[in-house]
Structures are given as C-alpha cells and as structure tokens.
Amino acid sequence: MKTYKLILFTLVFGLFYGNAQQGEVFISLKRFKQKYKRALTKKDSLNFRFHKNDTLVLDEFYVAPTGTKVPYDYKDDNFLEIYKSVAFNNVTDSTKQKSFMHYWKDDIKIYISKSFDKKTRKAFFDFTNKVSEKIDSLNIYQVKDPKDSNYIIYTDSDFQYEPRMSKYKSTDYYVYWNNKNQIYRMSMRLKNDIEFNSNLKLNKLKNQFIISLGQFNYTNNNLDCKNFFSGCSKPNFELTELDYELIKYHYSYGICKGTDLKTFEDNHKRTKENINKNKVLTNLIHN
Amino acid sequence: MKNLVFTALFLISLNGISQENIPFREHTKIVKNAISKDIIYPKRQKLISDSLVITKDSLDVNFVPFLKDKKLNSRYKYHAFGNKNIKFIRQWNVPIRVYFDEQLPKDIKQSLTDYFKKFNSINNLNVSTTKNIENSNYYLKVYKEHVSAYTDKDYKTLTKEEIETEIYSGITYDLNCNYNFKCTSGVIKISNSELKNRYLLSKLKIIFYLSLTDFYRSNYAEKESLLNKKTINAKHLTDYDILLLKNHYNYIYPYKVNLTSYKSLLKL
C-alpha cells in the first residue's frame, strides 16, 4: 500500500505539477524524451520506478511552477461551452485564441448621479445587492461620493466624469483594466434622449451592469430568451439560475482568473483527463 | 442508377445546408449533484458536481411563409436585406407605446394617432399612444438644435427641395434593440425647424414605418408606397406596404435572421 502511494504520488506530480518540497519528481519515459530530447543514461536507469505498465524516470532538473494553487472547480462541458462564449470574446474565431477574460479584483463601489430619480436608484441597488449576495467573492455597494467610487454612473446632462465618452452619441460605458485583466475602474453614461424615462433607464442600468462584471458577451448558443446571457431577454428581466451560475463561476475561487482562452481550455482539458483517466484531482497553478 | 444516387446525395446535402442555417433554441436545466467522479488522489473521495442538461427545440415549427407571391417575396428580400447577407431582420417584440413631444402640432399628433391604428391589423404588432412619458417606449421628440442624418458637407450638395423632402434631413431616429435585433424602445428626433416643413407628417409616417422594419427604400417599390424613394408626400399605408409589413411580422424570430437563414426558412 505504501509503495502504491509513492508511485501514485510520483505519477501525479511527475506528469503534472510536481511538488519540489518532496525532493524527487518522476516522469514517464515519453515525457522525459519530449522534455530532454536525449537518450537515457545508466544513471537515469538506476532511478527507474514502475507503475502499472509504465516506467518512470527521475526528473533531476524539475522546477516546480510558481504561482498560486487554485482548487479545481469541476463543471461539465455544456456549462463550459456557454461560459466560454460569455467570458471570452471571439470564441468561435480560431484565429483569436488570445482573447482574455476580465474580472473585478476589488470591491465594486458604485456612485450613481442624483439625476436618476430615487425610485430608479433604489431599484438598481436592489438588483446589484441581490447579485452581490449571490456571488460570494464579489462585493458591490453604493457610495455617496464619486471620489470613493470605482464605478460611476451618470447621464449626458451631468458632469462628464469620463471625458473619453463625452462625445459618444449613444449610451455606453468605459472600462479600465490592468495587465492582469483585472478591472479597476468603470464609467457608465446614459443618454437621456435615448433612455428617456425611468423604466428604460433602469433596464439599461441593469443590462450594462451585468455586462460590466466581466466585459461579458451574450452567448453564441441559442439559449432560451428568459436567460439574460441569451441576448434576447425582454425589458424588466431577472437573472435566471443559469445566469447566476455563470457569474458565480467567473468569480469562483476554482478557476484561474484573467487568463486567455487557450490557457483556460488547456487547464480544463488536462485536469479533466487527469480526473477521468487517473482519478486524480490536481490543483491549477495560477500565476 | 449512378445518376439517381448522385441526385439523392445532392438533395440530402442541399437539405442539410438549409437546416444548418436555422438554429435550435436551447433549453437548459441545472441538475444538482448529477455528476459523481471517484477520486483516489490526493485523497479518496467522490467529486460531486452539477450537470447542465440542454434540450434543443426546433424554433420554427410555427413558421409559415406569408407571402405566396414569388415576385413580392423577392421585393421583400430586397427591402429587408438589400440582397446582402450581412443584414439581419429587425423586429419589435414588445407593444409600442408612443409619446408625442408637446411641441408637435396638434394636427400632426392626431394624424399620426390615426395612422398608428392601421398597424394593429398586423399580427404581432401593437401600436398605441400614451400621454404619460413614463409608460412609453417610443418618443417623438423635438430638438431645439438641428438634428440630421446629413452632415454640413452633405447639405452643400442638396438642393433646397431635397432638404425639404429628404426624410432624414432634419430628422433621425434611434432604436434600442438587443443582440437578436429585437427592439424595445426608440426615439424619432425632430429638429425644431422641421415643424414648419409641409412634408413633416409624410416624413414621420415613413420614418415610423422604417423604424419598425429597418427596410431599404427603393425606386422599384410600388407607386405611392412609403418604400418608394420617389414618394415625398406619403398619405397612407399602401397595400404593398401592409403586405410586406405583414410578412415581416408574421413570425417573431427568436434568433438573428439574415438572408441565408430566411431563404432556408422558406424551404422548410
């Protein structure tokens, strides 16, 4: 039993991300040849280990990857397909594998201009509070002073907080993120002549707010229109269970955040193969 | 025999192509704890996860082509798509509640109110007016400043008559439509100076019609039709306008429809 555990340990960490603290990492012969592109020496063969029908060889120069270990959050393929089209741009375009997901690292502190009537402001914050309550690692709250905010909502008749949008002809938002794809500032500007009453304003606020939580897209799947991410939901929409699950997953501790699509897909492919073939649950390494 | 096989294969593949362009609606259901995986490392455990079950429905069981006439259908395709595949059908999928700016002359408001009633004979289309802006989703708004689809440079090339009659001279419109090109609110922006224009009513009738359909106008549309570019004094909806509108709103497509998918639907 002890031997079995040792072999399993080496297999797991040799094939995937080894644990340098344990000292020795063993990898398969196939992987050894791929990595070092040389013939085995006598010294190598002295350190062989055997597991089932596999020969494992000591990887002397193994360097453990740096980064934070993220416990894997398992999701089925149907869910992941929808998630990818929501969180990454151009999922269907194979030439644009370098599309990134974006997320808020810090609390979202929203200032909303007083030019929105009280009823609209209240309804909007009821909505954002509900989202905040449902998404564990996402804190959203209202601030009374624009200086304390990182999320400003105003109209074209207010002070123009984001000069880059002052000449925009339609309702829009402007978002800033850093080189880790962490969103740190955002402005939303509604055009009074297009969103000309409080119902239209509220609907636009809710709509843009959800999109702004991750620079989200509407999905390419033809989801039922009751789902917000279908892109065909009607005014006065409420988020469905699936909508919430997609946002929850985006902010889950179990995925590497800010990655590009290829890394996301590779991580899932490797980890799922490991679960299905080897019954091993590995952590993801997030840099 | 060889020819027969070839013909059969050709027809199958043709059928395949047409079906491909018509998407299926995906209904989802999250089944709690439906996935269970045995894990032996780092510890023996069961990995439990939810499953997302997707069932697909054909979206087009209710689709019945409205226009039987080949020529009229061909006209429809021109107006709706301009024979280009990049354009998607635009439709309203909520009742339209129009609010008039108080500055609009009374007779214009009354004429338009009567005009809007004609649209209620169209399936899936409901137009009415309201005196409360909070209940509206369509605003005919008068602007102090000049609004126009034309730039100052464009205006230099227009004759005085064209400035008066061109529908987007002094008037524009904006729509709020979702990812599937379904519209839920809109504004017609009218320059204050247009209030004196004798063609204002005609322009508003045409623009309102276009805001429901996003149709292209053409010189080949029937005489007096709002869709005929030569019509500068539109009085009413012609039979041609109504037929095309009926075809447009015969079915509210629950997805994006371009020329290819429209043609595929006709083949169903």
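Quick note: structure is the one above.
Let me begin by describing the structure that accompanies this report.

### Here's the deal with the interface of chain B and chain A
And then number 1: Tallying the contact residues gives 46 residues for chain B and 44 residues for chain A.
And then number 2: Taken together, the two surfaces of chain B and chain A that pack against each other cover about 3600 Å², and 55% of this comes from carbon and sulfur.
And then number 3: A per-residue breakdown of the area chain B buries against chain A is headed by Y41(B), L52(B) and Y179(B), which together make up 19% of the total.
And then number 4: At the boundary of chain B with chain A, the tally comes to two salt bridges.
And then number 5: Ionic pairing is found between E241(A) and K32(B), a salt bridge with its closest N-O pair at 3.8 Å.
And then number 6: Where chain B meets chain A, there are 25 residue pairs in polar contact (both at pLDDT 80 or more).
And then number 7: Counting residues per element, the side of chain B that touches chain A draws most heavily on strand β1 (residues 24-39) of chain B, which supplies eleven residues.

### A look at the pattern of salt bridges
And then number 1: Enumeration according to the criterion identifies 22 salt bridges over all chains in this entry.
And then number 2: Notably, a salt bridge pairs K87(B) with D214(B), separated by 3.5 Å at the nearest N-O pair. Of this pair, K87(B) sits in the loop between α2 (70-81) and β3 (91-92) while D214(B) sits in the loop between α6 (200-213) and α7 (239-248), placing them 127 residues apart in sequence. For the pair K87(B) and D214(B), one class covers both residues: buried.
And then number 3: Note that K189(B) and D174(B) form a salt bridge whose closest N and O atoms lie 2.9 Å from each other. Of the two residues, K189(B) is situated in strand β8 (residues 182-191) and D174(B) in strand β7 (residues 171-177); the sequence distance between them amounts to 15 residues.
And then number 4: Overall, K189(B) belongs to the buried group, its relative accessible area being 10%.
And then number 5: Through salt bridges with shared partners, a single ionic network connects K75(A), E245(A) and K248(A).

### Considering the packing of α2(B) against α7(B)
Residues and elements named next belong to chain B.
And then number 1: Contact pair α2 / α7: the axes reach a minimum separation of 11 Å and the direction vectors enclose 75 degrees. Classed by the angle they form, the pair α2 and α7 counts as roughly perpendicular. Facing α2, whose interface residues are L72, N73, R75, Y76 and H79, α7 presents Y240, L243, L244, N247 and H248.
And then number 2: The residue inventory of the contact of α2 with α7, partitioned by class, reads five nonpolar, four polar and one charged.

Conventions we followed
- Residues numbered from 1 in each chain as written.
- Chains lettered and ligands numbered in written order.
- Predicted model: local features only at pLDDT ≥ 70, side-chain atom pairs only at ≥ 80, totals over all residues.
- Heavy atoms only, no water.
- Contact = heavy atoms within 4.5 Å.
- Buried area = accessible area lost by both parts, 1.4 Å probe.
- Salt bridge = Lys/Arg side-chain N within 4 Å of Asp/Glu carboxyl O.
- Polar contact = N/O pair within 3.5 Å; in protein donor to acceptor, adjacent residues only side chain to side chain.
- Helix = DSSP H or I, 4+ residues; strand = E, 2+ residues; numbered from the N terminus.
- Buried < 20%, exposed > 50% of the residue type's maximum accessible area, 1.4 Å probe, protein only.
- Axes fitted to C-alpha atoms, helices over the stretch in contact; angles between N-to-C directions.
- Parallel < 35°, antiparallel > 145°, perpendicular 65-115°, else oblique.
- Nonpolar A, V, L, I, M, F, W, Y, C, P; charged D, E, K, R; others polar.

As far as function goes, none of this settles anything; it's purely spatial.
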